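Structural characterization, general
This is what each chain is made of:
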Amino acid sequence: MDSMSLASRSERGYICKRDGSLMYLVYESEKTVDNKLRVVISYKCPVCGLKLESESLEIRRDKNFLIVSRGFSRISI
Ligand SMILES: [Zn+2]
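Predicted model only: the values in this text are computed from it and were never measured.

What counts and what doesn't
Residues numbered from 1 in each chain as written. Predicted model: local features only at pLDDT ≥ 70, side-chain atom pairs only at ≥ 80, totals over all residues. Helix = DSSP H or I, 4+ residues; strand = E, 2+ residues; numbered from the N terminus. Buried ≥ 20, exposed ≤ 12 C-beta atoms within 10 Å, placed from the backbone. Contact = placed C-beta atoms within 7 Å. Core = buried A, V, L, I, M, F, W, Y, C linked by C-beta atoms within 7 Å. Pairing = 2+ DSSP bridges. Axes fitted to C-alpha atoms, helices over the stretch in contact; angles between N-to-C directions.

Moving on, we come to the overall build of the protein. Looking only at helices and strands, the protein features zero helices and six strands. Counting from the amino terminus, the protein carries its helices and strands in the arrangement β-β-β-β-β-β. Of all 77 residues assigned to the protein, the portion counted as buried reaches 8%. Of all intrachain contacts in the protein linking residues separated by at least 6 positions in sequence, the fraction that spans at least 24 positions is 23%.

Following this line, the structure appears as structure tokens:
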């Protein structure tokens, strides 16, 4: 599915094309099976619940370092 067709970018942020509502940013984190922390940044519409994943980060601990890798980006910010 093409996320760009469901939301449009405006000066205020992303607008849901279904109902014209301003979408808000959501941060969610989860542990992956290989013990990394995955943070997903997405936009959500408060009216219809449409959610667009924007970006994901994977964070893992390697001795004294935290390694952060950037994941996919379905919509450009
Ligand atoms: Zn909506």
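Picking up after the structure, the text goes on.
Right, let's get into the nonpolar core. One finds Ala7, Tyr14, Cys16, Met23, Tyr43 and Cys45 forming the largest nonpolar core, which totals six residues. With sequence-adjacent residues up to four places away left out, Ala7 is seen in contact with Tyr14, Ile15, Cys16, Lys17, Met23, Tyr43 and Leu52.

Turning our eyes to something else, we now look at the pairing of strand β5 (residues 51–62). Pairing of strand β4 (residues 37–44) with β5 involves eight bridges; the strand directions are antiparallel. Bridged to Leu37 within β5 is Ile59. From the end of β4 to the start of β5, which pair antiparallel, there are six residues, and Gly49 there has a positive phi angle of about 80°. Direction of pairing for β5 relative to strand β6 (residues 65–70): antiparallel, over a ladder of six bridges.

The strand order β3-β4-β5-β6 describes an open sheet built from four strands, whose pairing is antiparallel. The open sheet terminates on both sides in strands that have one partner only, identified here as β3 (24–31) and β6. Between one strand and the next, the sheet's axes are offset by a mean angle of 20°, whatever the strand orientation.

We now examine the pairing of β6. In regular strands, side chains alternate between the two faces of the sheet. Burial within β6 is sparse, with just zero of its six residues counted as buried. Where β5 hands over to β6, the hairpin turn is made up of two residues, of which Lys63 adopts a positive phi near 55°.

This part is about unusual backbone geometry. A positive phi angle, near 65°, is found at Asn35, a position not held by glycine. Note that Asn35 resides in the loop between β3 and β4. Although it is not a glycine, Lys63 adopts a positive phi angle of roughly 55°. Its place among the elements puts Lys63 in the loop between β5 and β6.

No statement about biological role is implied by the geometric values presented.
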